[in-house]
Amino acid sequence: MKIYLSGKLVQEKDARISVFDHALLYGDGVFEGIRTYNGRVFMLKEHIDRLYRSARAIDLKIPISKKAIFKAVVMTCKTNNNMNGYVRLIVTRGKGTLGLNPYTCKRPEIIIITGKIQLYSPKLYQHGLKVITAGTIRNHTESLNPSIKSLNYLNNIMAKIEAINSGVEEVIMLNVQGYVAEASGDNAFIFKDNRLLTPPTSAGALEGITRNIAMKLAGQSGYEVGEAMLTRYDLYNADEMFLTGTAAEIISVVEMDRRTIGSGLPGKKTVELTKQFRRLAAETGVPIA
Ligand code: PMP
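Computed from a predicted structure; not experimentally measured.

## Points about the sheet that holds strand β5 (residues 86-92)
- The sheet built from 7 strands is open, its strands ordered β2-β1-β6-β5-β3-β4-β16 with antiparallel pairing. Sheet topology places β2 (8-11) and β16 (286-287) at the edges, where each strand pairs with a single neighbour.
- Sheet topology note: the β5/strand β6 (residues 110-115) ladder contains 6 bridges and is antiparallel. Bridged to V91 within β6 is I110.

Structural data, given as structure tokens:
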């Protein structure tokens, strides 16, 4: 498997960046996780647009055009025959001094890694996921805005540690005000009556690409779809609950804080939405070959 590193395709053992790269020293950089399905890169434009928005938010100038990154992702997938897999696209701040000043970093590195990802076992997709509420609060929008998909994921990792140490695989993170923000690596949704609701990004959620697809598909199916400030009360009282993410796709949540959500089984609306999502993923995207 070859790695794309700032314009070159190299073997994994040769894909090296400086220990002075601020991505390593400070988590200073941005990234995207992208999927390939059936020989196509799914939602590539949307991922690249978000990458550039994240970069702009941290004043990191990506040294090549969106078009060039687009081509590099497709070319790397083609080289590695990544037709049903996962792509990690990373832009680091680059090599600088040991101080914080990011402007000492002159050349960001662009890295594209292809591989596989499986977040949850097939069983969990069938039976639904159990989650807890994390004690770790999601980053405040004015500390490190969760809309930025940055290389600093310690906030999420601290929450994930709580999940794993409590015997579950995911957590719901609240924001400083106590409203639901998102999961550690996914967006959170509930169906209540005929409405599909998810927290607004201002509550501390990434503008998930899968989130946007879920909202669009549900709207097309006739549900009322909206963003709302949600509390745990709303989640405990939901008819159905699910998480969305590029790697997770759509997964039902059937238990939260050891309480049954809805019927305790993946809900009908979520199952239908998942089918629609899988169809879209299987049929659309940028051809690789
Ligand atoms: N929230 C967080 C914190 C994430 O890291 C991700 C991506 N794994 C998501 C939400 C879901 O976003 P997307 O659907 O674009 O993958």
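The discussion continues.
## Re the site of the ligand
- Lining the immediate surroundings of the ligand are 17 residues, of which Y153, E182, I209, T210 and T246 lie closest.
- In this structure, an oxygen atom belonging to the ligand sits 2.8 Å away from a side-chain N or O atom of R50.
- Taking T246, its side chain carries an N or O atom lying 2.5 Å from an oxygen atom of the ligand.
- Coverage of the ligand by the protein chains reaches 92% of its 400 Å² of free accessible surface.
- Secondary-structure elements contributing two or more residues to the shell around the ligand are α6 (209-220) and β13 (240-245).
- Across the shell around the ligand, the residue classes tally to 3 nonpolar, 9 polar and 5 charged.

## Re the side chain of N156
- By the element assignment, N156 lies in helix α5 (residues 154-165).
- Assessed through its relative accessible area of 4%, N156 is described here as buried.
- From its side chain, N156 meets the backbone oxygen of S184 in a polar contact 2.8 Å long.
- Those residues in contact with N156 that lie beyond four places of it in its chain are R138, M173 and S184.

## Side note on the nonpolar core
- In terms of nonpolar packing, the biggest core is built from 24 residues, with V41, I62, I69, V73 and L89 touching the most fellow members.
- Elements with a minimum of two residues in this core: β3 (29-37), α2 (44-57), α3 (66-79), β5 and β6.
- Each residue touching V73, except ones within four places of it in the same chain, is listed here: V41, L44, V87, L89 and I112.
- One finds V131, A188, I190 and A228 within the second-largest nonpolar core, a separate group that totals 22 residues.

## Overview of the packing of α6 against helix α8 (residues 268-283)
- Remark: α6 packs on α8, axes separated minimally by 10 Å, with the N-to-C direction vectors making an angle of 115°. Viewed along their axes, α6 and α8 adopt a mutual orientation that is roughly perpendicular. α8 is crossed by α6, and the crossing has right-handed handedness. Here α6 contributes T210, I213, A214, L217 and A218 to the contact with α8, which in turn contributes L273, Q276, F277 and L280.
- Looking at the contact of α6 with α8, its residues break down into 7 nonpolar, 2 polar and no charged.

## What about the packing of aromatic side chains?
- Within the structure shown, the criterion is met by 7 aromatic pairs.
- A centroid spacing of 5.6 Å and a plane angle of 80° characterise the contact between Y37 and F42, whose relative ring orientation is edge-to-face.
- On the accessibility criterion, F42 (6% relative accessible area) is buried.
- Taken together, F189, F191, Y223 and F242 form an aromatic cluster joined through their ring pairs.
- Between R259 and the ring centre of Y236, over which it is positioned, the NZ or CZ distance is 4.0 Å.

Cut-off values and rules
- Residues numbered from 1 in each chain as written.
- Predicted model: local features only at pLDDT ≥ 70, side-chain atom pairs only at ≥ 80, totals over all residues.
- Heavy atoms only, no water.
- Pairing = 2+ DSSP bridges.
- Helix = DSSP H or I, 4+ residues; strand = E, 2+ residues; numbered from the N terminus.
- Near = heavy atom within 4 Å.
- Polar contact = N/O pair within 3.5 Å; in protein donor to acceptor, adjacent residues only side chain to side chain.
- Areas by Shrake-Rupley, 256 points an atom, 1.4 Å probe, with all protein chains shown as cover.
- Nonpolar A, V, L, I, M, F, W, Y, C, P; charged D, E, K, R; others polar.
- Buried < 20%, exposed > 50% of the residue type's maximum accessible area, 1.4 Å probe, protein only.
- Contact = heavy atoms within 4.5 Å.
- Core = buried A, V, L, I, M, F, W, Y, C linked by side-chain atoms within 4.5 Å.
- Axes fitted to C-alpha atoms, helices over the stretch in contact; angles between N-to-C directions.
- Parallel < 35°, antiparallel > 145°, perpendicular 65-115°, else oblique.
- Left-handed = near helix turned anticlockwise from the far one by under 90°.
- Phe/Tyr/Trp six-rings, centres within 6.5 Å; stacked < 30°, edge-to-face > 60°.
- Lys NZ or Arg CZ within 6 Å of the ring centre and 35° of its normal.

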